[in-house]
Structures are given as C-alpha cells and as structure tokens.
Amino acid sequence: MPIKTHVPYALTRLGTVMTPDPGNPLEAEGVLNPASGRTPDGRLHLLPRLVAAGNVSRVGLAEVELRDGVPVGVHRRGVVLAPDEGWERGLTNAGVEDPRTTRVPTLGRHLMTYVAYGPLGPRLALAVSTDLRSWRRLGPVQFAYQPGLDTDLNLFPNKDAVFFPEPVPGPDGRPCYAMLHRPMWDLSWVRPGEGVHLPAGITDERAGIWISYVPADEVRADLTALVRPREHRCVALSEYDYEELKIGAGPPPLRVPEGWLLIHHGVTGYVPPGWDPAGQDVTYAAGAMLLDPADPGRVLARTAEPIFVPETEDEHHGTVPNVVFPTAIEQVDGVHYVFYGMADTRIGVARLDRLTDEGERDETSFRPVRQRPRPDSSAAEPHPG
C-alpha cells in the first residue's frame, strides 16, 4: 500500500533567536542545532551546540526570552557538557555535538542524545538530567548484536538520535523506550578504501532513519539499560528529490491526532569524503513524517516536498551555507515552536502550524507574529513564512 504524502503541518519562519557572541571564544565558529527543555521552575531553555576554534563543540544552556509568548532571544547560562571524557576526544579533534533532549515524565528526567566526536569519529552517547544544568553521562550507545543484520551497528558512525517522550509498543508488544537514529555505512573514514558495508536487507547505501528499543521494565530497574538498545529496524530511507543524499531525524517525535509527527531533514548536493564540512555544496531542508502509534517504526505518511527550505540571509550564509536543521520543539501557551540551526552558525525559530483540509494554515491555532528586536537588539521584521 503506497505511503500517503499528505502531512497536515507546516512551519512558519519567525526569526533568529541566537547568534554567536563575538567576545566568547567558545562560540567563535557558531551556535547551532540546539536541544531544549524546561528547568524545574518552568523556564524554557535551549541547549545549543557551541563551536570553538578548531571545530571543538560544547553544549551550552540559554534561557529563552519570550515576548507575548513568542521566543525572541536568549540569555546565556553557561556550559553544561564539554568533551571531558577520553572517548569524546581524539588527538586532533574533540566535541560533544548536536544534542537532542526529550523530557520523559515516566522517568522523571530529560534524556540527552549527543554525538561524541572521539578518536574514531562520531559516535552516539547518552546523558540524563533532572534540571538541564547537571548531566550524568550514561556512556556511549552499545547497540545489541542482531544476527539477522549480518553486521554490528557499533562499527558505524551514527548521528541524529532522538527518544520518544513516552513508552511505545515494542516489536513484541511490550512497552519500550524507543530511539530513532541514523547509522552511516561508509567505513572509509576509519580505514581508507574500506568503503560501504550494508546490513542484510538494505540495498541503498544512503544514510536513513532507524529505530531501536529498550524494554521499559529494564529501564525502570537500571537506567543505564538505555544505552543498550536492541531490535534494530530501518524506518525510512531517502525517497524524494529534497532527500537525494540522506535523511535524518529532527526534534523528538510529537504526538498529534494523526500519530507521531517527526520533522526530519533531507539533504541534496555534494558531500566530499570525510567529515570536514569544507568543500561541501549542500542544501538542508525539512520534511515531515507521521509514524504509527501502534508501531512507531512504520511510516503512515511523509511529505513529497519539503515543508521548510533555506530562504533568508542567515540560512544562506554561514559555516555551511543553505542549511535549515530543526532539532528541538517546545510548546508555549498551546503553540508549538521549532528551533533550528541556520547555516551551521545561528539558531532560528519557526511556528508549527496545523493545516486545514484545504491546505491552508489553521489560524485559530496560533497567535499572530509581531515585530520584535533581534537578539542583538536591532529592530527587524519577522521573516515571512
């Protein structure tokens, strides 16, 4: 049965909420791709990736400034995670990158996935917190061996991991905590000439979205079980023109009437071998999927066209030009806002709108956008949708 292409949601661009502080060496190469959450006092925060000289990344904390309920800027609150562990550093590289956080009420914690850029390249890791300020590392993700895949997922670099905010049905029907992630199959980065090694059943070497599970009862008994997911399965691969090179998950899935809404990114253009962004000629756009609540590894619908593409100066020019990269979603007074990286240099915000049956934005579900200052206090009109 063909997958539907109608997903009744859209993004309306509102503006830039965070730009690099020229006086802060930890932000010399950009602030981007934030996670998000609320501290125990209810205040909304971002956890941006802060990039220092040499592409060394840390995770910061920044309280979101709201005006009439709309995010308009941030107040910096310091650094909450740095590449302090040996497996987060190499001889010529280091970083804790691209955090994604999910508040999980049944665990009473925020779960952070992040990319540890260590001696063998990018590897997924987890940390947990009750207040967004103090984070306990659970360690690198250890994917359980699955004979049917004819490979070991721990061999491969992996990025774009997010947890669902509540237990979901696992493959055997038991409640599980589920993580979406994106393994990448080319091992030339660690052994020149080694090339692509695909798992059994996969014929497309482009990076796609996978799901893995941990039974909820095991996590209740031992929180570190979260780093030992199993029952790995491919959810989605590149299918449409705006996803030509690869796809990956964006913010944590959001429960909506139609299922689980997953905003994802699709990439087109050219990426040279290796991990240095220099030399890339790419465009990152955002699409959307609906996942089945009874089986979150099954796609019910996905957009054949992007719902968000680079349009503004801040999105066209930066460390990696032509990038919109959604990574966080939060609700304020009934309205959902999506925070996203802009050209790997700044952070923007967009409003998530529901579409009517006619494809128009449902104006009863959001407040109007008003003129407001940028974070540097210079007046600016909001970017058009």
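The coordinates are above.
Bear in mind the structure is a predicted one, so any value in this text is a computation, not a measurement.

## Notes on unusual backbone geometry
Phi at Asp68 takes a positive value of approximately 55 degrees, unusual for a residue other than glycine. Along the chain, the position of Asp68 falls in the loop between strand S4 (56-67) and strand S5 (70-81). The residue Leu132 is not glycine, and still its phi comes out positive at about 75 degrees. Structurally, Leu132 is set in the loop between strand S8 (121-129) and strand S9 (136-140). For Leu132, a relative accessible area of 0% puts it in the buried group.

## Describing the packing of aromatic side chains
Scanning the model with the defined rule gives five aromatic pairs in all. Seen in terms of ring centroids, Phe156 and Trp185 are 4.9 Å apart; in terms of plane orientation they differ by 80 degrees. Their pairing is edge-to-face. With Phe156 in the loop between S9 and strand S10 (158-163) and Trp185 in the loop between strand S12 (175-183) and strand S13 (209-215), this residue pair connects regions lying 29 residues apart in the sequence. No difference in accessibility class separates Phe156 from Trp185, as the two residues are buried. For the pair Trp185 and Trp210, a centre-to-centre distance of 5.6 Å together with 65 degrees between the ring planes defines the contact as edge-to-face. You can see Trp185 sitting in the loop between S12 and S13 and its partner Trp210 sitting in strand S13, a full 25 residues away along the chain. Note on Trp185: relative accessible area 2%, which makes it buried. Feature note: the residues Phe156, Trp185 and Trp210 constitute an aromatic cluster, connected by ring pairs. Directly above the ring of Trp260 sits Arg255, whose terminal nitrogen or CZ lies 5.9 Å from the centroid.

## Quick look at the layout of surface pockets
Empty space left among the atoms is revealed by rolling a probe the size of a water molecule over them. Quantified by volume, the second largest pocket comes out at close to 450 Å³. In terms of lining, the second largest pocket is formed by 22 residues, of which the most central are Thr102, Arg103, Pro165, Ile329 and Glu330. Of all the elements in the fold, those that place two or more residues in the lining of the second largest pocket are strand S2 (31-38), strand S6 (96-104), strand S16 (254-256) and strand S20 (324-332). For the lining of the second largest pocket, the leading source of residues is S20, giving five residues. Per-class residue counts for the lining of the second largest pocket are nine nonpolar, eight polar and five charged.

## With respect to the sheet that holds S20
Spatially, S1-S22-S21-S20 is the arrangement adopted by the four strands of the open sheet, whose pairing is antiparallel. Both edges of this open sheet fall to strand S1 (9-18) and S20, since each of them pairs with a single strand only. Averaged over neighbouring strand pairs, the angle between their axes works out to 30 degrees when direction is ignored. Strand direction decides the pairing type here: strand S21 (residues 335-342) and strand S22 (residues 346-354), joined by six bridges, are antiparallel.

## Re the sheet that holds S8
Here four strands make up an open sheet; going across it, the order is S6-S7-S8-S9 and the pairing antiparallel. In this open sheet, the two strands that pair with only one neighbour each are S6 and S9. Sheet twist, expressed as the mean angle between neighbouring strand axes with direction ignored, is 25 degrees.

What counts and how
- Residues numbered from 1 in each chain as written.
- Predicted model: local features only at pLDDT ≥ 70, side-chain atom pairs only at ≥ 80, totals over all residues.
- Heavy atoms only, no water.
- Helix = DSSP H or I, 4+ residues; strand = E, 2+ residues; numbered from the N terminus.
- Buried < 20%, exposed > 50% of the residue type's maximum accessible area, 1.4 Å probe, protein only.
- Phe/Tyr/Trp six-rings, centres within 6.5 Å; stacked < 30°, edge-to-face > 60°.
- Lys NZ or Arg CZ within 6 Å of the ring centre and 35° of its normal.
- 1 Å grid on protein atoms, 1.4 Å probe; cavity = no way out; pocket = protein on both sides within 12 Å on 5 of 7 lines; lining within 4 Å.
- Points joined across faces, edges and corners; volume = space filled by probe spheres on them.
- Nonpolar A, V, L, I, M, F, W, Y, C, P; charged D, E, K, R; others polar.
- Pairing = 2+ DSSP bridges.
- Axes fitted to C-alpha atoms, helices over the stretch in contact; angles between N-to-C directions.

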